[in-house]
Structure formats: C-alpha cells, structure tokens
Amino acid sequence: MSSVKGLLEVRQVCGNAHIGESCTVRKDEVPPLYFLGRHTAVSKLCVELDKQKRIKITMAEDSISYSEASKNIPLLTVVATISASRPKSSAAAEPFLNGSSSAYVETMYNSWLSDPNSVHASWDAFFRNATNGAQPGTAYTAPPNLAPYSRNEVPLTSLVPSPAGMPSIAAGSPVNEKIIDDHLAVQAIIRSYQARGHLAADVDPLGITTADLPELGTRATRSERIMRKYFKFGTTHIQSGRDENDRFCKLNDKHIDSRGHLVAQLDPLGITSGNTAVRAAGEGQVRGFVSEAVFRQNFRFVHDPLRFPLVKLTGEIRGHHIAKLDPLEIANAHLAGKNQREVIHNSYRFDEADMDRVFKLPSTTFIGEKDKALPLREILNRLEQAYCNNIGIEFMFINSLEQCNWIRQRMEPPGVTKMNPDEKRLILARLTRAAGFENFLAKKWSSEKRFGLEGCEILIPAMKQVIDVSTRLGVESIIMGMPHRGRLNVLANVCRKPLHQLFTQFAGLEAEDDGSGDVKYHLGTYIERLNRVTNKNIRLAVCANPSHLEAVDPVVQGKTRAEQFYRGDNEGKKVMSILLHGDAAFAGQGVVFETMHLSDLPAYTTHGTIHIVANNQIGFTTDPRHSRSSAYCTDVARVVNAPIFHVNGDNPEAVMHVCNVAAEWRATFHKDVVIDIVSYRRNGHNEVDEPMFTQPLMYRKIRNTKPVLEKYADQLIAEGVVTAAEVKDVKDKYEKICEDAYTQAKQETHIKYKDWLDSPWSGFFEGKDPLKMPPSGVVEETLVHIGKRFSSPPPNAAEFEIHKGLLRILKTRMEMVENRTVDWALAEAMAFGSLLKEGIHVRLSGEDVERGTFSHRHHVLHHQKVDKATYCPLAHLYPDQAPYTVCNSSLSEYGVLGFEVGYSVTNPNALVLWEAQFGDFNNVAQCIIDQFISSGQAKWVRQSGIVLLQPHGMEGMGPEHSSARLERFLQMSADDPDYMPPESTDYEVRQLHDCNWIVANCSSPASYFHILRRQIMLPFRKPLILMTPKSLLRHPECKSSFDEMKEGTTFRRLIPEEGPASKNPSGVRKLAFCSGRVYYDLLKERRERNLESDIAIARLEQISPFPFDQIKAEVAKYPNAQLVWSQEEHKNMGSWSYIEPRFRTLLQNQRQIRAKSHGSGGSWLSQLLGRAPAPPADRAADTVEVPRTISYNGRPTAASPATGSKAAHNKELKNLLEEFCVL
Ligand SMILES: Cc1ncc(C[n+]2csc(CCOP(=O)(O)OP(=O)(O)O)c2C)c(N)n1
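Note that the structure is a prediction, hence the values are computed from the model and not measured.

> How should the sheet that holds strand β29 (residues 1095–1100) be read in this particular structure?
Neighbouring strands of a sheet are bound in pairs by backbone hydrogen bonds; such pairs are parallel or else antiparallel. The strand order across the open sheet built from five strands is β27-β29-β28-β31-β34, with neighbouring strands paired in mixed fashion. Taken across any chain shown, the strands that pair with only one partner, and hence form the sheet edges, are β27 (1054–1055) and β34 (1190–1195). Both β27 and β29 contribute to a ladder of two bridges, which runs antiparallel. Note that in β29 the partner of I1055 across the bridge is R1099. With respect to the sheet, helix α34 (residues 1078–1088) is in contact with β28 (1070–1074), β29 and β31 (1122–1130), its orientation differing from that of β29 by roughly 170°.

What follows is the structure, given as structure tokens:
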C-alpha cells in the first residue's frame, strides 16, 4: 500500500467505503475529472482518519495502472465518498462508527455529548447534524483548512450562506443540495459575467446596440435593467435562452473546461510539451504536470454535483460563438429584443429573498476587494458595474489563469475607472485639442478631404494615455501605423508635428525636393520630443502608408522589431508599436491575421502591440451586418489570446482606464492587446460624402447625439472640476495656436517631402559621394575562411551529430573551397559572411529559408539526437562579426514581406532579404511590392535596400512553380525605354541612383555574390528583385571561380561572350542576348550543334536598369550578327516586352551589314525577321546596310505561365532551341 499525497476531503458517497476499511470504487464511478490527463484505473480506495482527524485515503498500489507517460505523476487530487449505516443513536443513519477507527470515533462522540467544544468544529457540526436527523451523507461539514486556500479553492463551510451581516460559516447548518447549487450558481454567475458580460455592456454611444434599428432607438435605463434582472432571478427559465444553453451543454459535454484542450492528448507524436499550453499555464515543461497543475488550480474541490453546472458554465464561455452581438446589433436581428442578461442569468434559480444572502466569493474574482463574502445583491451590482457598464471585456479565452486574474484584478474592484480632478482636466484639454483641430480644418478647408475624426475624438486622448503610461513604464520609442481616419489629428496632437507643416499640405504647393509625393493623409512622420507628462524623451514615428488598409501593419512590426534588435532591446521594453485600425478593415483584411500571427514567433515578435480600433460602426457605406461574419470586428485578435477591451467612446474616463490597463498589460506580459473604441462617424466617409443616402436611421441618431467634448465638459462642470469659463478658455487658446500656424503656413512657398520622412538615417548619407561605389570583390583569404567555416560542423563539438547526407554536402563544399570554386549556395554564404565580417547585419527570412526550399542552403545544422540543438556556421565566422539572422517564417507572404520591408527601412547598414518559396507566391504579397517596394521612395522619400529572392525558371514543374512573374517587376521599373542616358564612367551607379528598383536574373554564382554585396557598397539603398535558380543550384556548369570574386572584381551587369565566337566577332552570324538559367540550355545546344564560332551569347545579369552602355559595346563588337533575344518564358512574359523597346532605342541609327539576297541566304521569312545570314568576307560588295533590330526567340504567347504537361514543356524547349540555332 502506498499513501496518497495531497489534501483529502471526503465529500460524497461513491461506493461502499467505511472509515478505515477498503472500499471498492468502480472505475466508472470515479469522476473522470480527477484523473484527467492520466490513464489511471483505480479499483480500491482505503479510507481512514489521520492524526489531524482528517480522513485519509490510501489505495492499493496494484490497483493503479499507470500509462508509461504518467508513471511519475503523483495523484494529487482525490475525492472519495463514504456510505454506511450508523448503528445506533438518533444519528442512526450515519456511518461513523465502523471499522478500525470505531473506538476512537465512539470516544469522541461520548466526549462531544458531554462537551461539544471538546471536539474539532467539524466533528461538532457532524455530530450535531447527525443528532438532528440529517439525511445520511449530509451531516458532514468539512473541517477548516489548515493550509491557506489556494486559487479557486472554496472551503465547504463557505457553501453555507448566512443572512446579510453575518459570517457566512454557520456551524451546525446542514449542507444540502440547494446550498451547493446556490453556491455554484453564484460562482457560475460571476464567471458568466467575466466571460460574457461584455455582451451586455453599454459600449455604444449611439445606444443602438440592443435591437434592430427601426424598433429600438433607446436602451433600457440602468434602473430598469436592474429591476429586470431581479425579476429574472425570480423566474425559473426563459425558454429561448434555455435552448441556447442546452446547445452549449451538448457542445461542451466533451470538454471539461474552456482550457481543457490544453491538456488534451492531441499530438500523435507527443512532442508538444513546452508549447503555448505549457507556457500559458506558467508551469513546468511536462504535459502531464501541466494538466495536473491546471486542474488542481481550478477544481480542487470539485466533485460530482458540480460537474453539470461546470459544463454549463463552460458552455457560456463559448457562448460568444453563438450569441453574436455586434455593437450595433444590426447584424444579429435574431437576437433583437433578447436581453443578454437573460442569457447570462436564466439558468439559476434565486428568489428575491436570496438577494440578501451572503455568499463567499471565489478567489477568481476581485469584486469584493477586501471582503471575502458579499450579499448576492451586491455581487450582482458589482459584476454589472465591472462587466456590463461602458466597458465590455473579452478575456476568458486566454489560456493563462495568471493573465485572466491580472485582468480581473484591474477591472473588477468597484470604482476602478474613477479619475482624479487633474486627470479629468487633462482628458478634457486633450479632447478640446482633438475636436478643435477638426473644427479648424473644417472651417478653413470645408470641401477638402481629410477623413476627420469627428465622433471618435477620444482616440487622441486615448493614444496619448497609452503613450504616457508606456513611457512611464520604460518605453522610449513608439512606432505607429494607422489608416486615413484621424491621421492628421494624430500627427498634430499625438506626435505634435508642427501645425504649419500640416497646413501647407492643404495649400497645393509644389515640392522642393525629388519624388512624386503622396496625399496628406498617407504621409509619415518622425519626431523626437519631451513627453511633458512623464518628463521623458520619446521618439514617435508614424509610418507612411498607402491607401490599402492594414497593409502597413506588418511594416510597422518589422520596423519595430528592427529597432528593438539594434538597440539590444530583447524584451521590447524600450521600443513598442501601436497599430490603429478601422472596424471594417480590421475585420476584413487578411493581413491583420497574418500580422498577428507573427506576434509570438521568436524572430518576428515585437513583444506586444497595442491595437486601437477607431470603431465608428461603419465602413464607407457598409454596415457591420454586411461586412463581417464575426460578432465583433476585433475577433481576429482572439487567435493570439489578446485581451479585447470594448469601450464606449463617449465615456472618456472608461476609455482612459482601458488605455491604462492595456499599456500595463503590454508592459507586463509583452503580448498584444486590443482597445476597441466604439464610437461613430459624425460625417460621411469623407467630408464631401452624404451618409444619409445609405444610413438614414443611424445618422438621424448621430445628429441627435451631443459631441463627446460637450458631454464631458458638461459632466466636469456639473462635478465642479472645471468652470464653463475654463472650458472656453482652453478652446480659445487652441484656436489661437491653429490661427498662428495657419498664418505661418501661408508664407511657405514650397512643401518638403523630407519633412514627412518616417525613418531618417542619420549619418548614412552625410559625407558620401552619391555616385561613388567601391568594387564588391573580397580578398581570397576571406573567401577561404568563410568557405571553410561554412563547410565544417561546429568546432570542438564532436558529440554534435550531423545527418549523413549533410556531411556529404559539407564535404563537397570543402572540396569546392579547396578547388577555388563556388556553387550558388557557397557564393551566397560568402556574400553574407563577408558582409557580416564588415559589420553588416544580415537577415534572411521566408518560408523554409534555413534549409532552403531546394535543400541547397543548410544554414542551420540540426543535431540528430538532441532537440533544439542547432548550429549556424555563418553566425560563428569571426568573433567580432555582425549578427546573422536566418529564420523560417510563418506561411505568409503579405505579412512577412511587409515585415521585412519595415525591417529594411530601419537601418541602412543591413542586408535584409526575403525569399519566396517559389517566385509565383510573391503575388500574394503584391500590395507590399506595388505600394511599398516599387514606389516607396518616390512617394515617401524613404529608401530600402530589401532583396527579394524569387526562384524562377521553366523546368517543367507546371504553371505554379515556374514563373516569378519577372515581367511584372520589369513593367514597374521606372526607367524610360526611350531614353538612353549619356555614357559616363559612373554610368552604372548613376542609373542605379535614378531607378526605383533593380531587377536581375543572374546566371552565375559570382554574379549573385557581387550583386548581394553591391547592395551594401552602394552609397544609397535600392530594392533588389532577384530571380533565383532552382535546377542551377546543382548544375555542374553553374560554378564560379574565386578569381571572379576576389579583390578588385565587381558585379558584371552584362557577361559578354567569352568563347570562340568572341575571338572572331566579325564572323559571328548571330548574337543572342539572354538572362538567367536559359543560358545553360543555349550553351549546350550551341555546343552540340558545333555553332560556337557562329553564335555569340551575351548574358544580361542585370535587366533593369537596362545596361545600355555594355549592350551597346557588345552589339558593336559583332557588326555582322543578327540580334536575337532568347528567353524561356512565353512571349507576353519574361523580359521581352521590357528589353525590346530599349533595344530599339539603343539600335537607333545603328546599321547592320547584310548580304543582298542571292537566294542562298535563308528563307524570305528569316530575312524578314532579321535572320539573314552574314555575308562572307569576300562578297562585301554584295552587301547592304540595314537598320539593326532585335528579334524574339522564345515560347509563344500564353495565358498560363507554364504548361502542366512535361511532354509539352519539352517540345516547347526543343522548338526554342531549334529556332535559336537557325542562322
Ligand atoms: C484594401 C482596401 N480596400 C478598400 C479600400 C477603400 N476604402 C477606403 S476607406 C474604406 C472603409 C474603411 O472602413 P473602416 O475600416 O471601418 O474605417 P473608417 O473609414 O470607417 O474609419 C474603404 C473600403 C481601401 N482603402 N483599402
């Protein structure tokens, strides 16, 4: 026999146990809860009294069968039950005089008869109850717990309620089923409020949330609601709600608790310990331990009768999914007229008389503050105040009890939202500025679009509050992203951007600097200033963004992460982001989800973002019932366990409280949090829109709603916090500030785009010649060092077991180094490594980049026997190197590419690369490419050196793994096809300086090495769009020598023909230009057909900007050659439509010598197409000079990027090569 550890309390009969005797408990009688997460079969329990007179249960060891997994887990929670008949006395039915302890109990009973105080209180209660004729099994009262109660423990004595003013423990009172039920009901109600109170919260300033708009314009007054509530308490059931609850029960019979899934055995491999579940529980790393800990915390005293209410209660937790209650209530007409309190209360039966009974409060509520028990009436009042007033909180889905309790603690105590007079005055002053700014703009530019904030002016004080608290808690830099609504106001009143700069944007002035600029409500800004409230310096940046709603979210996160990284702010204590959203966009745009999913990933986390939704309950002309299927616009945040605070925008103090809590939450847990400011939009979508066309009822209501500033000023005047004169004074002062700035703005003659830069690079441009670029080659010693390190397992770690296949790869790498050659992967490693050596941080991010989609890279070596033991050679090249980050991303293109763009704009001294799994997938991130990468500098004077690696090539893999859509990037290149820049020594860098991005399709590892390094050698930053190979990664000819990479070498935009053809150029009959991997097909074909002297092949390693100068030289070298562009892509794709007009410009006035037709020089068609043969030297007299043109050699036009048929693919390639060889 082995003793069972833990607190044991006998509560209820299940089996035929007698004290001191063994009892047999059938497996199915043991409540499964106790053993959940363990595979324990209990067949025998032995119950006896211990020295403290507690009942102790032991069990036969052989009666317990453990599964392998749970072998070492002690059984901590056991509830056993006793039943027996009492042999004598008036307590005849009680079973306390049985078994080995009977003599002891008998003695105690006799002692009690003579003096009730001589025994323990619990025995006193027991004997008293039994003597009074209590039913068998009901006479027992639990002894006072010697140990302090832990969370969620409720002593049995507390189940016995007492009248108001009396202690709740009524010794001697019998514990009957009603008492237990009532107690549970109170707990369940408390929990229901915590879980669902937000559904009934009064968060809508328009008061249109409780029914269909036509019927219900008003909300029940608070007192009416309370009356209804009490009335309901006297009601048994309300049918409609009951049905829903029944549904919940069915739904949840499978689940023990909303967190039960955390301990469910879902993983067939059983390797998920240490995951979120474990972290959320804040416990150890072992699954079983967590499960026990969680359940021990929650249900220590739970026994059978509690099971049903618990299940029901958990049903309510999940009730959000069914009870859709958007703030406007217009998307959920079926719920119209049904008070949510009905849904909350309808399961519990209380009479009016119960209202004054005192109930013990569980430790999961803080409504009592110091009181451990309260009358039911007060409990309900406080719950109403906390959960159903102007703040609705969603947090019960969070998988951490600690975090749930943290929130309860800040939201439940009575009066938590109260502000002192100073705080109130500050809110009023900030509101005055927010409203005053919009009024001023409306007055001066009444018909200009500004996407005003009217209706949600509280956003400004809210943001300032978040910033104040965060600064107080240590944050020094805040990066913000936001849409159009209220943006100018944020710049003016949150960032304190000089007002005259804002006002000049309305004046239609020309720009002083380069760029195409953007509309005023998209521009970014960067400000460093003193926060007057905290007296600390703070940097505020609002990222420039396009019209595309929410597209800036990942960019902000990337920028934030980068800033944290460069500051060494590993926990996000100094740098944080705030993202603002519109309600429709937050719910509708998928990138919100993609961004949120980055929030807890090691290489992407920003350690918590504060999201603020300016929820005006409308998106342009569409109301929520047509724009989303979720209950709230914020539901997306639930996936990352972010607490969501819905708050009525017309209650400024409630908003400020929520902001305080959100900022503290972020500082405490470093996790996302959402503030949903429910408000309205006083005007149309913009200032010239008529909202009554589409939302007549809503707008009638809005017209009858006083602006929040007026309401709050009235409130503070009534409270005596301010006088009407003071209110007016603050208003007038701000108006005067605006007028002064207006006068100043009128004197400006130009605007400056650089005033709106969100990411200044101090020190980067200063002192640099913008047209000077050092060569990108590297000394051979460095190449060798990097090559060797990259080819070696971790030094001094013989036990690090590497996969055999990988050992072979490392060996091959080492051989290449010894032979002074590189393949693609080695060239890349050398580019990265050499930059790291020079102090340049390199970050490579994307799907499966660590290994490489094509298993060629292997930047992270994994120990074959030890989990998480990895080695990254490039991070260990030199002791003083810059950090190297290589990170597999979430399966997202839009989100991750946006993130890396944000990262890249933060520090110019970093090489930031994003790799698409296959180039095709870049179109999922099209918005980032179009709106940020190709046009970012032109619109926002902001540079980025981001590199996009895009596997591209027609290799018979079907339509979707072939094309990175090179043509699209080229089409967006801004260089003029009709203009050939004048030749100069700095031609290359000059072109790069003027372009919007670089598009390249390199064919050799050395080119790849140089073009990556050139990104950093440039005295400015440009995005690089790079088509990268797939089969070439292993192509035996796709190798480069160290000679092409060593000191003094540089990137070759064009690699000219270097074979036999180049030795006798005038005899060359065809000069083919190509780019990328098709070169190797052409090379092979030419070799096989023995045409190496007849056909020259030149490779365009950089396609855009177009290397006019080098192409011109190559063309000139072969005066007799017909010119052809060979590509593997279809004619309407690839480079053809980009290079063709540029060749035309280049070839203008250039003439080719062609033979007069004597019938031997090819067909009329080939002549027409410019494929006439070159004349033999001795027939020069028989030649004519014709304009030089370039013709097309490639696949015909097509709708799909590539065929799905291998046979068709091969045929197409054959034709292409056939045509290439026609002379
Ligand atoms: C991706 C995208 N789609 C459509 C639009 C056009 N658009 C501009 S504002 C707007 C409504 C946005 O509603 P909401 O997010 O609630 O913000 P609000 O304007 O109400 O503040 C729409 C659809 C856009 N800007 N971006």
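From this point, the narrative continues.
> Help me understand the sheet that holds strand β18 (residues 841–846) in this model?
Taken in spatial order, the seven strands line up as β21-β18-β22-β23-β25-β24-β30 in an open sheet, and their pairing is mixed. Each edge of the open sheet carries a strand with a single partner, namely β21 (884–888) and β30 (1102–1104). Averaged over neighbouring strand pairs, the angle between their axes works out to 20° when direction is ignored. Here strand β24 (residues 998–1001) runs beside strand β25 (residues 1024–1028); their pairing, made up of four bridges, is parallel. Bridged to I998 within β25 is L1024.

> Any chance you could explain unusual backbone geometry here in plain terms?
Leave glycine aside and you will find that most residues have negative phi; peptide bonds, for their part, are mostly trans. Going from S1104 to P1105, the amide bond is cis rather than trans, its omega being -5°. Mapped onto the elements of the fold, P1105 is located in the loop between β30 and α35 (1108–1117). A positive phi is found at E369, a non-glycine position, where the angle reads about 50°. Structurally, E369 can be placed in the loop between β5 (358–360) and β6 (373–375). Of note, the phi angle at S855 is positive, near 55°, even though the residue is not glycine. Positionally, S855 belongs in the loop between β18 and β19 (861–862).

> For this particular structure, what's the right way to read the layout of surface pockets?
In this approach a probe as big as a water molecule rolls over the atoms, and the regions it shows empty are the leftover space. Volume-wise, the largest pocket comes out at about 1000 Å³. In terms of lining residues, the largest pocket is bounded by 34 residues, among which D514, Q937, V941, R942 and Q943 are the most central. Looking at the lining of the largest pocket, the elements with two or more residues in it are β10 (525–531), α29 (936–940) and α31 (987–994). In terms of residue count, β10 provides more of the lining of the largest pocket than any other element does, three residues in total. When its residues are assigned to classes, the lining of the largest pocket shows 13 nonpolar, eleven polar and ten charged. Mapping the lining of the largest pocket onto the domain boundaries places at least three of its residues in each of domain 2 (421–750) and domain 3 (780–1044).

> Could you clarify how one ought to interpret the site of the ligand in this entry?
Taken together, 15 residues surround the ligand, and among them R485, S547, D583, A585 and N616 come closest. At a separation of 3.0 Å, an oxygen atom of the ligand approaches a polar side-chain atom of H484. Taking D583, its side chain carries an N or O atom lying 2.8 Å from an oxygen atom of the ligand. Within the complex, 75% of the 580 Å² of free accessible area of the ligand lies under protein. The element best represented in the shell around the ligand is helix α17 (residues 583–588), accounting for three residues.

> Sorry if this is basic, but what is going on with helix α26 (residues 824–837) here?
For an α-helix, 3.6 residues make a turn, and residues three or four places apart therefore share a direction. Here α26 contains 14 residues, and its C-alpha end-to-end distance of 20 Å stays within 8% of the 20 Å for a straight helix at 1.5 Å per residue. Within α26, 13 of the 14 residues are buried, which leaves the element mostly enclosed by the surrounding structure. Just past α26, the residue G839 takes up positive phi, approximately 90°.

> For this particular structure, what's the right way to read the pattern of salt bridges?
Oppositely charged side chains are able to pair whenever their charged atoms sit close together. The final tally for this structure, using the stated rule, is 56 salt bridges. In this structure, D422 and R425 form a salt bridge, with 2.7 Å as the shortest nitrogen-oxygen distance. Remark: R425 and D422 occur in helix α12 (residues 421–444); sequence separation between them is three residues, near one turn of the helix. We note a salt bridge from E983 to K1112, for which the minimum N-O separation is 2.9 Å. Here K1112 lies in helix α35 and E983 lies in the loop between α30 (966–971) and α31, a separation of 129 residues in the sequence. Judged by relative accessible area, which is 49%, E983 ranks as partly exposed. For K1112, a relative accessible area of 30% puts it in the partly exposed group. One salt-bridge network, held together by shared partners, links E476, E528, R539, E563, R567 and K574.

> In this structure, what is going on with the nonpolar core? I would like to understand it.
The tendency in soluble globular proteins is for nonpolar side chains to be buried side by side. Counting 184 residues, the largest nonpolar core has F503, I612, I675, I677, L897 and F1073 as its most contacted members. A per-element tally of this core places helix α20 (residues 652–669) first, with ten residues. Apart from the residues lying within four places of it in its own chain, the contact partners of L897 are W914, A925, I928, I929, I933, I946 and L948. Within the second largest apolar cluster, 73 residues are counted, among which are F832, I998, Y1008 and Y1080.

> Before we go on, may I ask you to explain the packing of α34 against helix α38 (residues 1206–1221) in this structure?
Packed helices, taken two at a time, are described by the angle between their axes plus the distance between the axes. At their nearest, the axes of α34 and α38 sit 10 Å apart, and the two run at 60° to each other. Our classification of the angle between α34 and α38 gives oblique. Once α34 is placed against α38, the crossing between them reads as right-handed. Judged by residue contacts, D1081, L1082, E1085 and R1086 of α34 engage L1213, L1216, L1217, F1220 and C1221 from α38. Looking at side-chain class alone, the contact of α34 with α38 contains six nonpolar, no polar and three charged residues.

> Explanation requested: the packing of aromatic side chains in the structure shown.
The description of an aromatic ring pair rests on the distance of the ring centres and on the angle between the ring planes. In this structure the tally under the stated criterion is 29 aromatic pairs. Aromatic pair F1106 and F1143: ring centres 5.6 Å apart, planes at 75°, arrangement edge-to-face. A residue pair is termed long-range when its members are at least 10 positions apart, and F1106 in the loop between β30 and α35 and F1143 in helix α36 (residues 1136–1147) qualify at 37 residues. By the burial criterion, F1106 is buried, and F1143 matches it.

> Help me out: how do you make sense of the packing of helix α24 (residues 780–790) against α26 in this one?
At their nearest, the axes of α24 and α26 sit 9 Å apart, and the two run at 115° to each other. Classed by the angle they form, the pair α24 and α26 counts as roughly perpendicular. Seen from above, α24 lies across α26 with right-handed handedness. Between α24, through T782, L783, I786, G787 and F790, and α26, the contact on the second element is made entirely by A825, L826, A829, M830, G833, S834 and K837. Of the residues in the contact of α24 with α26, the class split is seven nonpolar, four polar and one charged.

> What should I look at first to understand the environment of S1104 in this one?
Relative to the helices and strands, S1104 resides in strand β30. For the pair formed by S1104 and L970, sequence separation is 134 residues and the distance between their alpha carbons is 6.9 Å. Ignoring anything within four residues of it in the chain, the contact list for S1104 reads L970, S973, D975, W997, I998, V999 and Y1138. Reaching out from S1104, the side chain makes a polar contact with the side chain of S973 at a distance of 3.2 Å. Among the polar contacts listed, one links the side chain of S1104 to the side chain of Y1138, at a separation of 3.0 Å.

> What am I meant to see in helix α27 (residues 894–904) here?
Taken across its eleven residues, α27 has eleven buried, putting it largely inside the fold. Along α27, the residues that are buried comprise Y894, G895, V896, L897, G898, F899, E900, V901, G902, Y903 and S904. Where the residues of α27 are buried, they touch α16 (552–567), α18 (590–596), β18, β22 (910–915), α28 (926–934) and β23 (947–951).

> Help me understand the pairing of β28 in this model?
Looking along a regular strand, one sees the side chains alternate between the two faces of the sheet. Counting buried positions along β28 yields five of five residues, so the element is predominantly enclosed. Along β28, one buried face is formed by K1070, A1072 and C1074 and the opposite face, lined by L1071 and F1073, is buried too. In terms of strand pairing, β28 meets β29 through five bridges, oriented parallel. Paired with L1071 across the strands is A1096, a residue of β29. This β-α-β element, β28 to α34 to β29, shows right-handed connectivity. Sheet analysis places β28 next to β31, joined by four bridges and oriented parallel.

Cut-offs used in this document
Residues numbered from 1 in each chain as written. Predicted model: local features only at pLDDT ≥ 70, side-chain atom pairs only at ≥ 80, totals over all residues. Heavy atoms only, no water. Pairing = 2+ DSSP bridges. Helix = DSSP H or I, 4+ residues; strand = E, 2+ residues; numbered from the N terminus. Contact = heavy atoms within 4.5 Å. Axes fitted to C-alpha atoms, helices over the stretch in contact; angles between N-to-C directions. 1 Å grid on protein atoms, 1.4 Å probe; cavity = no way out; pocket = protein on both sides within 12 Å on 5 of 7 lines; lining within 4 Å. Points joined across faces, edges and corners; volume = space filled by probe spheres on them. Nonpolar A, V, L, I, M, F, W, Y, C, P; charged D, E, K, R; others polar. Domains from an automatic or database assignment. Near = heavy atom within 4 Å. Polar contact = N/O pair within 3.5 Å; in protein donor to acceptor, adjacent residues only side chain to side chain. Areas by Shrake-Rupley, 256 points an atom, 1.4 Å probe, with all protein chains shown as cover. Expected span 1.5 Å × (residues − 1). Buried < 20%, exposed > 50% of the residue type's maximum accessible area, 1.4 Å probe, protein only. Salt bridge = Lys/Arg side-chain N within 4 Å of Asp/Glu carboxyl O. Core = buried A, V, L, I, M, F, W, Y, C linked by side-chain atoms within 4.5 Å. Parallel < 35°, antiparallel > 145°, perpendicular 65-115°, else oblique. Left-handed = near helix turned anticlockwise from the far one by under 90°. Phe/Tyr/Trp six-rings, centres within 6.5 Å; stacked < 30°, edge-to-face > 60°. Right-handed = clockwise from strand over helix to strand, strands pointing away.

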